[in-house]
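Fold and contact review
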Amino acid sequence: MPLLTSLGSQTKERAVNMAHAIEQFEDGTAAFASARELAWHNLGTIVENAMTAEEALNIAQLNWEVKVSDNCVYTEVDGQKLAIEDKFFTYRNHPKKGINALGIVGSRYVPIQNTDAFSFLNHLVDDYGAVFETAGSINDGRQVFMSMKMPNSIKLEGNADVVDMYVMATNSHDGSVAFTAAVTPIRPVCKNTVNLALSMAVSKAKFKHTLNATEKVQQARELMGIVTNYSEAFQQEVEALLDAQFTDAQFEKFVERMFPLRKGDDSTQRAITKIENKREAVRELWTADTQKFVGNTKWAAYNAVVEYADWVMPVRGDTDFDRAERIVTGGADYLKHKAYALLTI
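Viewed as axis vectors pointing N to C, helix 5 (residues 248-258) and helix 9 (residues 333-344) meet at an angle of 135°, and their least axial separation amounts to 11 Å. Comparing the axis directions of helix 5 and helix 9 gives the class oblique. Helix 9 is crossed by helix 5, and the crossing has right-handed handedness. Between helix 5, through Phe254, Arg257 and Met258, and helix 9, the contact on the second element is made entirely by Leu335, Lys338, Ala339, Leu342 and Leu343. Considering only residue class, the contact of helix 5 with helix 9 consists of six nonpolar, no polar and two charged.

The next thing to look at is the packing of aromatic side chains. Going through the model one piece at a time under the given rule, you end up with nine aromatic pairs. Aromatic side chains Phe89 and Tyr91 sit 6.1 Å apart centroid to centroid with 55° between the ring planes, which places their arrangement in the tilted category. An angle of 20° between the planes, with centres 6.0 Å apart, marks the rings of Trp299 and Tyr302 as stacked. In this pair, Trp299 and Tyr302 are both assigned in helix 7 (residues 298-312), three residues apart and thus about one turn of the helix distant. Across the pair, Tyr302 and Trp299 agree in class, each one buried. Taken together, the aromatic side chains of Phe246, Phe251, Phe254 and Trp286 make up a single cluster linked through ring pairs. A cation sits over an aromatic face here: Lys81 above Tyr74, 4.3 Å from the ring centre. One Lys or Arg, Arg92, reaches over the ring of Trp64 and ends 4.6 Å from the middle of that ring.

Moving on to the packing of helix 5 against helix 7. Put simply, helix 5 and helix 7 touch, their axes get as near as 11 Å, and they point 35° apart. Read as a crossing pair, helix 5 and helix 7 show a hand that is right-handed. In this structure, helix 5 uses Phe251, Phe254 and Met258 to contact helix 7, whose residues at the interface are Ala301, Ala304 and Val305. Looking at side-chain class alone, the contact of helix 5 with helix 7 contains six nonpolar, no polar and no charged residues.

Looking now at the side chain of Arg92. With respect to the helices, strands and loops of the structure, Arg92 is situated in strand 7 (residues 87-94). The class for Arg92 is buried, based on a relative accessible area of 1%. Of note is the side chain of Arg92, whose polar atom sits 2.3 Å from the side chain of Glu23. Within polar-contact distance, the side chain of Arg92 engages the side chain of Asn100 at 3.0 Å. Non-local contacts of Arg92, meaning those with residues more than four positions away in its chain, are made with Glu23, Trp64, Glu65, Lys97, Gly98, Ile99, Asn100, Leu102, Asp140 and Gly141.

What counts as what
Residues numbered from 1 in each chain as written. Predicted model: local features only at pLDDT ≥ 70, side-chain atom pairs only at ≥ 80, totals over all residues. Heavy atoms only, no water. Axes fitted to C-alpha atoms, helices over the stretch in contact; angles between N-to-C directions. Helix = DSSP H or I, 4+ residues; strand = E, 2+ residues; numbered from the N terminus. Parallel < 35°, antiparallel > 145°, perpendicular 65-115°, else oblique. Left-handed = near helix turned anticlockwise from the far one by under 90°. Contact = heavy atoms within 4.5 Å. Nonpolar A, V, L, I, M, F, W, Y, C, P; charged D, E, K, R; others polar. Phe/Tyr/Trp six-rings, centres within 6.5 Å; stacked < 30°, edge-to-face > 60°. Buried < 20%, exposed > 50% of the residue type's maximum accessible area, 1.4 Å probe, protein only. Lys NZ or Arg CZ within 6 Å of the ring centre and 35° of its normal. Polar contact = N/O pair within 3.5 Å; in protein donor to acceptor, adjacent residues only side chain to side chain.

The following block contains the structure:
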């Protein structure tokens, strides 16, 4: 199933770094490394040159290991020991924080160490010229992330708009997320990044942890194939939407189909107002500055919905982290899928 992800027009770091949860230490440092660009949260270490896997690991302070407890999870109630036989907890011994628990996992859980995750991605450096861009730890070590910039860019509109391709990898040490690598296009010109739904492209892949170097190389090659296929399909789809002119009248009908008003006695004034507010928000984005180079096209209509879904539509919790987490996990993808379907039928 294609993954729809937008990093929005609020700077790409909000999603890639999920910054409010960046792990921080008492000495004033943070578990985050970035190549060249200062992240919006002003945390971590900025490196002027491209980082190697080892440098990214050390600079982001991810050089620690995760272990699984020997004993199952238990507690005492009225002097009686209660245990869950097939549940264990993961923990680490951090150089600055000492030993701390990370999460509850099953009996078959095997940690994917940070060194192994970076080693896997390092094959993209050796074979294809990718470079590490960011790396860090969030939620007190429960999750780690890293991103790499691929060497080839996509050029649209006669090279006026350059789309860089990134691989973002995430891994959890609390059993919540598998080791996942996602292909993400970045649009630095207008900062309205869109990972478009593609019928023939796969933008997300999960890989099993292995210590076998040969298998790691093969998995890296498979990921590179995903990047290549996705890039080609992405460019074709975007160019088709850019070439399709879209009038204001057509956009208004599109908005009405995106957010239809229900008919009948169950259409309360509150429900009607809610729908109208959604429509008005998307209308404003249709003529926003982020659309000035692509205005009155189907691509602009799609972008208006994407930006609404990621940066305007209310999110539970209402913090930058909650919003970034929804973007990365695809919580608003249903709107993007619907918009894409309406514009391509």
